[in-house]
Amino acid sequence: MASTHHRERAVDGRTLRPETLMMGHGYDPSLSQGSLKPPVFLTSTFVFTSAQQGKDLFDVTSGRRMPRPGEETGLVYSRFNNPNAEILEERLALWDGAERGAVLSSGMSAITTTLMTFLRPGDTVLHSRPLYGGTETLLRNTLSVFGITPVGFTEGTNPAHVRDAVSEALATGPVGLILVETPANPTGGVVDLRLLTEVADEIGSRTGRRPLVAVDNTLLGPIFQQPLRHGADLALYSLTKYAGGHSDLVAGGVTGSAEHVGAIARTRSAIGTNPDPHTCWMLLRSLETLYVRTERACDNALRVAQFLHGQERITSVDHPAFLATDDPARQVLEQQTTGASSTFSFRIDGGEAEAFAFLDRLAVCKLAVSLGGTETLICHPASTTHSGVPRDLREEIGLTDSLIRISVGIEDADDIIADLAQALTRL
Ligand SMILES: *Cc1c(COP(=O)(O)O)cnc(C)c1O
């Protein structure tokens, strides 16, 4: 199997950085005719060397028994595992310093498969707000049919506010999982991960069941924020976004302990939320440039944010650069992040009509949902990504008709700024 024959992760006592390990970790060229890069393993199934081996592999892959000391797990069937997926999982885990990673067919399937693994009918999910529109809809519409109740909080850095939500959640049913998104899409709202792990411990000692803390780390991760290092149990990803980074694939991922991620991987095998080998191969390629892409996009974003901040027709810019020094969100960001996302929001003077007029005048910035790609994308969340969120809730979380979200890419920053400037002056 490809993944067990990887090279050393240290040279001369120096632990190699993920940026270095992305080029080869988890792949042994000698298993693929010396090919420098892993081939795409376009196969649905794998040949056993003996009937006994087939039996052993099924017992271990299904979780019926743990591998014996020295026994290698192996490849069985591409819904369960595949070399491209396994190499990718090893590399994904490296960024977060995680014991294990798992890849899934989309960000939503990573979230859904995780929720299905840890929730039972009657449970509540304590969650931050706003969540990605798809996650909000999943919790409110899809999962409510299975007896799962979401309870949200909006001020993720305010202990009293979060603990009020805990009381409300516990009055509704056992808290099966805590799901937070930080920074939040699209408003940049911040959740204090230390606070949430404390809250999970408190729920554990009060009820005897400690919920896991799962963090949707799509907007910053894994480069500028590693939730597992701040006490979270699981980091969830839409790999479609920064990790994939070229707006040409859809995939998801999760990192955490071998026990928790193993449980999610078994649900994945059961329900078939696995990614295909070609997508995994594309992601391996993407991860080689993830660090430089993320850095460049964030540098560009800061310059774009500074430009927008000075504009008469722009009423506010939700970029962390403009948080007051005594803002609790700034303090939490300094604790748990090492950079700001290249995706942020700003408000235009007016409402939907003014926002649309501005968007329709842009030429370099492409009008599309999604984020984290090499190109700058811009959209109007209230009418697109978050249109499924009821209006009163949208207003409560600051997702108004004047809000515009931009995901700054890796183009020349001055070209992006010139485009925004010409659209503003012609309003
Ligand atoms: C896009 C996104 C998702 C969903 O991911 P898909 O890959 O589109 O399924 C989840 N969370 C966040 C924060 C996202 O931006």
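No experiment lies behind these values; they were computed from the predicted model shown. (Residues numbered from 1 in each chain as written. Predicted model: local features only at pLDDT ≥ 70, side-chain atom pairs only at ≥ 80, totals over all residues. Heavy atoms only, no water.)

**Points about the site of the ligand**
Part 1 of the reasoning: Residues in contact with the ligand amount to 13 residues; listed here are only the nearest, Met108, Asp216, Ser238, Thr240 and Lys241.
Part 2 of the reasoning: Here Met108 contributes a backbone N or O atom positioned 2.8 Å from an oxygen atom of the ligand.
Part 3 of the reasoning: Contacts to the ligand include Lys241, whose side-chain N or O atom sits 2.7 Å from an oxygen atom.
Part 4 of the reasoning: Contact with the protein chains hides 92% of the accessible area of the ligand, taken as 380 Å² for the molecule alone.
Part 5 of the reasoning: Among the elements that take part in the shell around the ligand, helix H4 (residues 107-118) stands out by supplying three residues, more than any other.
Part 6 of the reasoning: Residue composition of the shell around the ligand, grouped by class: four nonpolar, six polar and three charged. (Near = heavy atom within 4 Å. Polar contact = N/O pair within 3.5 Å; in protein donor to acceptor, adjacent residues only side chain to side chain. Areas by Shrake-Rupley, 256 points an atom, 1.4 Å probe, with all protein chains shown as cover. Helix = DSSP H or I, 4+ residues; strand = E, 2+ residues; numbered from the N terminus. Nonpolar A, V, L, I, M, F, W, Y, C, P; charged D, E, K, R; others polar.)

**Things to note about the pattern of salt bridges**
Part 1 of the reasoning: A complete count under the given rule lists 18 salt bridges for this structure.
Part 2 of the reasoning: In this structure, Glu89 engages Arg268 in a salt bridge whose closest nitrogen and oxygen atoms are separated by 2.8 Å. Taken as a pair, Glu89 in helix H3 (residues 83-96) and Arg268 in helix H8 (residues 258-271) lie far apart in primary sequence, 179 residues in all. Comparing Glu89 with Arg268 shows no difference in burial state: the two are buried.
Part 3 of the reasoning: Ionic pairing is found between Arg210 and Asp201, a salt bridge with its closest N-O pair at 2.6 Å.
Part 4 of the reasoning: The exposure class of Arg210 is partly exposed, given its relative accessible area of 33%.
Part 5 of the reasoning: Where salt bridges share partners, they join Asp56, Arg65, Arg68 and Glu71 into one cluster. (Salt bridge = Lys/Arg side-chain N within 4 Å of Asp/Glu carboxyl O. Buried < 20%, exposed > 50% of the residue type's maximum accessible area, 1.4 Å probe, protein only.)

**Focus: the nonpolar core**
Nonpolar side chains tend to gather and get buried jointly when the protein is soluble and globular.
Part 1 of the reasoning: Grouped together as the largest cluster of nonpolar side chains are 29 residues, with contacts concentrated most on Leu88, Trp95, Val103, Leu239, Leu283, Leu287 and Leu290.
Part 2 of the reasoning: Only H3, strand S8 (234-238), helix H9 (277-288) and helix H10 (290-309) provide two or more residues apiece to this core.
Part 3 of the reasoning: Looking at which element gives the most residues to this core, the answer is H3, with six residues.
Part 4 of the reasoning: A domain-level breakdown of this core finds at least three residues from each of domain 1 (89-278) and domain 2 (290-425).
Part 5 of the reasoning: Judged by nonpolar contacts, the second largest core, of 24 residues, contains Phe344, Ala355, Leu359 and Ile404. (Core = buried A, V, L, I, M, F, W, Y, C linked by side-chain atoms within 4.5 Å. Domains from an automatic or database assignment.)

**Focus: the domain arrangement of the protein chain**
Part 1 of the reasoning: Parsing the protein chain into structural domains produces domain 1 (89-278) and domain 2 (290-425).
Part 2 of the reasoning: On a C-alpha basis, the centroid separation for the pair domain 1 and domain 2 is 24 Å.
Part 3 of the reasoning: Facing 32 residues of domain 1, the contacting portion of domain 2 comprises 41 residues.
Part 4 of the reasoning: Area buried by domain 1 at its contact with domain 2 is led by Pro186, Phe224 and Tyr242, which between them contribute 26% of it.
Part 5 of the reasoning: Inspection of the region where domain 1 meets domain 2 yields zero salt bridges.
Part 6 of the reasoning: The interface formed by domain 1 and domain 2 includes 16 residue pairs in polar contact (both at pLDDT 80 or more).
Part 7 of the reasoning: Looking at the side of domain 1 that touches domain 2 element by element, the count peaks at three residues for helix H5 (residues 133-142).
Part 8 of the reasoning: The class makeup of the residues in the side of domain 1 that touches domain 2 is 15 nonpolar, twelve polar and five charged. (Contact = heavy atoms within 4.5 Å. Buried area = accessible area lost by both parts, 1.4 Å probe.)

**Here's the deal with the pairing of strand S9 (residues 252-256)**
Part 1 of the reasoning: Judged by how many residues are buried, S9 sits mostly within the fold: five of five residues are covered.
Part 2 of the reasoning: Residues Gly252, Val254 and Gly256 of S9 are buried on one face, and the alternating residues Gly253 and Thr255, pointing to the opposite face, are buried as well.
Part 3 of the reasoning: In this structure, strand S3 (residues 100-104) lies alongside S9, joined through five bridges in antiparallel fashion. Within S9, the position partnered with Arg100 by the bridge is Gly256.
Part 4 of the reasoning: For S8 and S9, the ladder comprises five bridges, and the chain directions are antiparallel. (Pairing = 2+ DSSP bridges.)

**Regarding the sheet that holds strand S7 (residues 212-216)**
Two orientations exist for strands paired in a sheet by backbone hydrogen bonds: parallel and antiparallel.
Part 1 of the reasoning: Strand order in this open sheet of seven strands is S3-S9-S8-S7-S6-S4-S5, and the pairing throughout is mixed. On the outer flanks of this sheet lie S3 and strand S5 (149-153), each paired with one strand and no other. With strand direction ignored, the average angle separating the axes of adjacent strands in the sheet is 20°.
Part 2 of the reasoning: Against the sheet, H5 contacts strand S4 (124-128), S5 and strand S6 (175-181), and its axis sits at roughly 155° relative to S4.
Part 3 of the reasoning: Packed on one face of the sheet, helix H7 (residues 193-207) meets S4, S5, S6 and S7 and runs near 175° to S6. (Axes fitted to C-alpha atoms, helices over the stretch in contact; angles between N-to-C directions.)

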